[in-house]
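So the chains spell out like this:
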Amino acid sequence: QVQLVESGGGLVQAGGSLRLSCAASGRAFSTYFMGWFRQAPGKEREFVATISRSGAITYYPDSVKGRFTISRDNAKNTVYLQMNSLKPEDTAVYYCAAAVSGSVYYTSSYRYDYWGQGTQVTVSS
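Residues numbered from 1 in each chain as written. Predicted model: local features only at pLDDT ≥ 70, side-chain atom pairs only at ≥ 80, totals over all residues. Heavy atoms only, no water.

Along the chain, V121 turns up in strand β11 (residues 119–124). With 31 residues separating them along the chain, V121 and D90 place their C-alpha atoms 7.6 Å apart. When sequence neighbours within four positions are dropped, the list of residues in contact with V121 reads G9, G10, L18, L20, M83, D90, T91, A92 and Y94. (Helix = DSSP H or I, 4+ residues; strand = E, 2+ residues; numbered from the N terminus. Contact = heavy atoms within 4.5 Å.)

Extensive coverage of strand β5 (residues 46–51) is indicated by the burial of five of its six residues. With five bridges joining them, strand β4 (residues 33–39) and β5 adopt antiparallel strand pairing. Residue M34 lies in a different strand from β5, and its bridge partner there is I51. The antiparallel pairing of β4 with β5 creates a hairpin that spans six residues between the two strands, and G42 there sits at a positive phi of about 75°. Of the pairings in the sheet, the one linking β5 to strand β6 (residues 58–59) comprises two bridges and is antiparallel in character. Its bridge partner being in β6, I51 is matched across the sheet by T58. Here β5 folds back onto β6 in antiparallel fashion, the turn holding six residues, of which G55 has a positive phi close to 95°. (Buried < 20%, exposed > 50% of the residue type's maximum accessible area, 1.4 Å probe, protein only. Pairing = 2+ DSSP bridges.)

Turning to the side chain of T50, a few remarks are in order. Looking at the element boundaries, T50 is found in strand β5. Among the polar contacts listed, one links the side chain of T50 to the backbone oxygen of V104, at a separation of 2.4 Å. When neighbours within four sequence positions are excluded, T50 is seen to be in contact with M34, G35, I57, T58, Y59, I70, V104, Y106 and Y112. (Polar contact = N/O pair within 3.5 Å; in protein donor to acceptor, adjacent residues only side chain to side chain.)

Structural data, given as structure tokens:
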């Protein structure tokens, strides 16, 4: 089992940047596919980025491609989400998630086994 703790959220102006971190406890972090999701008020949780076990492969939806970058440091049991050129529509609670098995192309939240508590990101216009 793995426990996930996100940090790095906050309030930023449109066009600004934030870097989210997700620290994992427990063993075998490098064996998990990792993902970032977000959920805005009144909306469903949506996929933001995923990364393979080694970090070699990443995947993004069109809405964030070119602006967000997911990365991981398996030695530190941490996954990151660098968010640039933020827009007001990026405002949401951001969650990291871990999947025991599957694919970096899994974008549905039900594919993921473990979740963090979330961190709020607010982008003002």
